[in-house]
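Tertiary structure, described
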Amino acid sequence: YIESFHVTDVKSLKGDHLSRAIGRIAGTGGKTKKYIEDSTRTRLVVADKRVHVMGSRDGITQARRVIGDLILGRPTAKANKKLAAISGRLRREF
């Protein structure tokens, strides 16, 4: 499955605020994006103002929730804790 959405669908942002939100999704050196991908077993493509999430329905839902939190300004450390919980649940399922 694939789901795409604009960053501005989550929160109306302009200028530097929009750039910052996109940067928060990617993270330093792509670390946050990779952590989201590994924890939710999805693939993310951040292209301009759009975010494309590919994977299972559950994975997409979880990834979109975390991405939304980052766009809304939730600290990255808290988002990482949420991802760790998701990752632990997925490991127990398989």
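Let me begin by describing the structure that accompanies this report.

Reading the values: the criteria
Residues numbered from 1 in each chain as written. Predicted model: local features only at pLDDT ≥ 70, side-chain atom pairs only at ≥ 80, totals over all residues. Heavy atoms only, no water. Pairing = 2+ DSSP bridges. Helix = DSSP H or I, 4+ residues; strand = E, 2+ residues; numbered from the N terminus. Axes fitted to C-alpha atoms, helices over the stretch in contact; angles between N-to-C directions. Parallel < 35°, antiparallel > 145°, perpendicular 65-115°, else oblique. Contact = heavy atoms within 4.5 Å. Nonpolar A, V, L, I, M, F, W, Y, C, P; charged D, E, K, R; others polar. Patch = residues over 30% accessible without salt bridge, like charges linked within 9 Å, V, L, I, M, F, W, Y side chains within 5 Å. Areas by Shrake-Rupley, 256 points an atom, 1.4 Å probe, with all protein chains shown as cover. Salt bridge = Lys/Arg side-chain N within 4 Å of Asp/Glu carboxyl O. Buried < 20%, exposed > 50% of the residue type's maximum accessible area, 1.4 Å probe, protein only. Core = buried A, V, L, I, M, F, W, Y, C linked by side-chain atoms within 4.5 Å.

Our next topic: the sheet that holds strand β2 (residues 42–47). Taken in spatial order, the three strands of this open sheet run β1-β3-β2, and their pairing is antiparallel. With one partner strand each, in any of the chains shown, β1 (2–6) and β2 form the two edges of the open sheet. Each neighbouring strand pair of the sheet contributes to a mean axis angle of 15°, computed without reference to strand direction. With five bridges connecting them, β1 and strand β3 (residues 50–55) associate as antiparallel partners.

On to the packing of helix α2 (residues 16–26) against helix α3 (residues 31–40). Contact geometry of α2 with α3 gives a least axis separation of 5 Å together with a crossing angle of 55°. The orientation of α2 with respect to α3, classified from their angle, is oblique. On the side of α2, the interface is formed by Arg24, Ile25 and Ala26, while α3 contributes Lys31, Thr32, Lys33 and Ile36. For the contact of α2 with α3, the residue count by class is three nonpolar, one polar and three charged.

A cluster of nonpolar side chains, contributed by Ile2, Val45 and Met54, occupies part of the molecular surface with about 240 Å² of accessible area. Here Val45 lies in strand β2. Taking relative accessible area as the criterion, Val45 reaches 35% and is therefore assigned partly exposed.

So, about the nonpolar core. Counting residues in each nonpolar core, the largest one holds 21 residues, and the members touching the most others are Val7, Ile36, Val51, Val53, Val66, Ile67 and Ile71. Elements represented by at least two residues in this core include exactly α2, β3, α4 (57–71) and α5 (76–93). With six residues, α4 is the single largest residue contributor to this core. Ignoring sequence-local partners within four residues, the contact set of Val66 consists of Ile36, Ala79, Lys82, Leu83 and Ile86.

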